[in-house]
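Chain by chain, the residues:
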Amino acid sequence: VAVSREDIRRASDRIAPHIRRTPLLNLPGHAFGLPGSVSLKLEYLQVSGSFKARGAFNNMVAQGVPANGVTAASGGNHGAAVAFAAAQLGFKAHIFVPEIASPAKIAKIRKLGAEITIRGAHYADALALCAAYARQTGALNVHAYDTAMTIAGQGTVALEWEQQLPDDAFLDAVLVAVGGGGLIAGMARWFDSRTRIIGVEPAGSRALDAALASGHPVEVTVNSIAADSLGAKIVGDLVFKIARNRVDSVVLVDDSAIRDAQNRLWSEFRIAVEPGGAAALAAITSGAFRPPNSIRTGVLLCGANVDLRSFSDGANDDAPI
Ligand SMILES: Cc1ncc(COP(=O)(O)O)c(C=O)c1O
């Protein structure tokens, strides 16, 4: 197995000085109309604004960083996380982003002091430019999802969640948003078979769903409001090997369901997350995921990097009751 639970445990120790233990909001039965309870993990409070900081720190602390620093290709959150980790650890960072990246994320990467190259229509274009840069300069290339270091780093969010649940409690099911799949692969490697791992993808960006249906990673076309975080056209090979064995199912949600979940989090809890950060909850609020009985369902709120004006139109602006 390319990523073991021990790898995740080691990653967790390694990154502990640099990241936040993000809190849980445990809601009793009937939250969001479900018979059972819901455990929200507020990972959007993570440094850099998403779980991506976990993988970024794990890569840099474990591998060491050459004189020319680090580089990454990213639609946004991974780039912000690599820029953040590099700044904290005192390394140079050069981030390659495709033109679809959101202005909020580009501004954040710049503010973190990284050099940034915005070029190419798709993530794949940024990835090719980044790989060429790493070859020329010797910079450490931190992959957004498909390496053991990145997957083990992302898996630490599952280890932490398990530690934070009340005594002897466990999650019967966990809903996780999927882009290239590093996050769900890491979490799936941590949780044991008691926890059903359910991937959530936008209907317009279903790379994991398509891969599981085809028996191998395949390219999909991408068109979703969550494309700047969940918009990978294809899942990684290593991700696929793990997901094939450990992911129970994939649920698809459309853009209006994602928007609705984002608005509900704001209206009911004053939680502001980006579309990719609301996708997992959208599986519940849209009815796409219906647990059979009163089980405990975990929902990872994984990213905060949103411009408030971009989603407040449909949100109820009354204060929560
Ligand atoms: C907020 C957010 N959620 C989920 C994901 C998906 O992560 P992965 O590419 O590891 O599947 C991303 C990826 O950028 C993200 O930024």
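What counts, and at which threshold
Residues numbered from 1 in each chain as written. Predicted model: local features only at pLDDT ≥ 70, side-chain atom pairs only at ≥ 80, totals over all residues. Heavy atoms only, no water. Near = heavy atom within 4 Å. Polar contact = N/O pair within 3.5 Å; in protein donor to acceptor, adjacent residues only side chain to side chain. Areas by Shrake-Rupley, 256 points an atom, 1.4 Å probe, with all protein chains shown as cover. Helix = DSSP H or I, 4+ residues; strand = E, 2+ residues; numbered from the N terminus. Contact = heavy atoms within 4.5 Å. Phe/Tyr/Trp six-rings, centres within 6.5 Å; stacked < 30°, edge-to-face > 60°. Buried < 20%, exposed > 50% of the residue type's maximum accessible area, 1.4 Å probe, protein only. Lys NZ or Arg CZ within 6 Å of the ring centre and 35° of its normal. Core = buried A, V, L, I, M, F, W, Y, C linked by side-chain atoms within 4.5 Å. Pairing = 2+ DSSP bridges. Axes fitted to C-alpha atoms, helices over the stretch in contact; angles between N-to-C directions. Salt bridge = Lys/Arg side-chain N within 4 Å of Asp/Glu carboxyl O. Expected span 1.5 Å × (residues − 1).

## Comments concerning the site of the ligand
Phase 1 of the analysis: Around the ligand, a shell composed of 14 residues is seen, among which Asn77, Gly179, Gly180, Gly181 and Leu183 lie nearest.
Phase 2 of the analysis: A distance of 2.7 Å separates an oxygen atom of the ligand from a polar backbone atom of Gly179.
Phase 3 of the analysis: The backbone of Ser229 places a nitrogen or oxygen atom 3.1 Å from an oxygen atom of the ligand.
Phase 4 of the analysis: Coverage of the ligand by the protein amounts to 96% of the 390 Å² it exposes when considered alone.

## Some remarks on the side chain of Ser50
Phase 1 of the analysis: Here Ser50 shows up in the loop between strand E2 (38–41) and helix H2 (52–63).
Phase 2 of the analysis: When neighbours within four sequence positions are excluded, Ser50 is seen to be in contact with Glu43, Asn77, Cys302 and Gly303.

## A closer look at the packing of aromatic side chains
Phase 1 of the analysis: What the rule picks out here adds up to four aromatic pairs.
Phase 2 of the analysis: Ring geometry for Phe96 against Tyr133: centres 5.5 Å apart, planes inclined by 55 degrees, an arrangement best described as tilted. Within this pair, whereas Phe96 is found in strand E4 (residues 93–97), its partner Tyr133 is found in helix H5 (residues 123–137), the two being separated by 37 residues in sequence. Tyr133 matches Phe96 in its accessibility class, with the two residues each being buried.
Phase 3 of the analysis: The ring of Trp190 carries the charged tip of Arg5 above its face, separated from the ring centre by 3.8 Å.
Phase 4 of the analysis: Cation over ring: Arg194 sits above Phe170, and NZ or CZ is 4.1 Å from the ring centre.

## Quick look at the side chain of Gln262
Phase 1 of the analysis: In this fold, Gln262 is placed in helix H11 (residues 255–269).
Phase 2 of the analysis: At 2.9 Å, the side chain of Gln262 forms a polar contact with the backbone oxygen of Val273.

## Remarks on the nonpolar core
Side chains of nonpolar character tend, in soluble globular proteins, to be buried together.
Phase 1 of the analysis: In terms of nonpolar packing, the biggest core is built from 85 residues, with Leu175, Met187, Val299 and Leu301 touching the most fellow members.
Phase 2 of the analysis: A per-element tally of this core places helix H12 (residues 275–285) first, with seven residues.
Phase 3 of the analysis: For Met187, the contacting residues outside a window of four places in its chain are Gln154, Gly155, Val157, Ala158, Trp161, Val174, Val176, Ile197 and Leu300.
Phase 4 of the analysis: Of all hydrophobic cores here, the second largest spans 27 residues; its members include Val65, Ala81, Ile116 and Val142.

## Things to note about the sheet that holds strand E3 (residues 70–73)
Phase 1 of the analysis: The parallel open sheet is built from four strands, whose spatial order is E5-E4-E3-E6. Across the chains shown, the open sheet's two edge strands, defined by having one partner strand only, are strand E5 (115–118) and strand E6 (140–141).
Phase 2 of the analysis: Both E3 and E4 contribute to a ladder of four bridges, which runs parallel. Looking at the pairing, Ala72 lines up with Ile95 of E4.

## Section: the sheet that holds strand E10 (residues 297–300)
Phase 1 of the analysis: Read across the open sheet, the six strands follow the order E1-E2-E10-E7-E8-E9; overall the sheet is mixed. Edge strands, defined here as strands with exactly one partner in the open sheet, are strand E1 (24–27) and strand E9 (249–253). Within this sheet the neighbouring strands show an average axis-to-axis angle of 25 degrees, counted without direction.
Phase 2 of the analysis: With three bridges joining them, strand E7 (residues 173–177) and E10 adopt parallel strand pairing.

## So, the pattern of salt bridges
Close approach of charged atoms allows side chains of opposite charge to pair.
Phase 1 of the analysis: Summed over the entire model, instances satisfying the criterion amount to 12 salt bridges.
Phase 2 of the analysis: Where Lys41 meets Glu160, a salt bridge forms, and the shortest distance between an N and an O atom there is 2.7 Å. Separated by 119 residues along the polypeptide, Lys41 in strand E2 and Glu160 in helix H6 (residues 148–164) bring together distant segments of the chain.
Phase 3 of the analysis: Here Arg54 makes a salt bridge to Glu43, at a shortest N to O gap of 2.7 Å. Residue Arg54 is located in helix H2, and its partner Glu43 is located in the loop between E2 and H2; the two are separated by 11 residues in the primary sequence.
Phase 4 of the analysis: According to the relative accessible area criterion, Glu43 is buried, its value standing at 0%.
Phase 5 of the analysis: Within the structure, one salt-bridge network assembled from shared partners comprises Glu6, Asp7, Arg9 and Arg10.

## Comments concerning H2
Phase 1 of the analysis: Helix length check: H2 (12 residues) gives 17 Å between terminal C-alpha atoms against 16 Å at 1.5 Å per residue, within 8%.
Phase 2 of the analysis: Counting buried residues in H2 gives nine out of 12 residues, a clear majority hidden from the surface.
Phase 3 of the analysis: Those residues of H2 that fall on the buried side of the exposure criterion are Lys52, Ala53, Arg54, Gly55, Ala56, Phe57, Asn58, Asn59 and Met60.
Phase 4 of the analysis: Those residues of H2 hidden inside the fold are in contact with helix H1 (5–15), E2, E3, helix H3 (77–89), E6 and H6.
Phase 5 of the analysis: Once H2 finishes, Gly64 follows within two positions and takes phi at roughly 75 degrees, a positive value.

The values reported here are purely geometric and, on their own, carry no functional implication.
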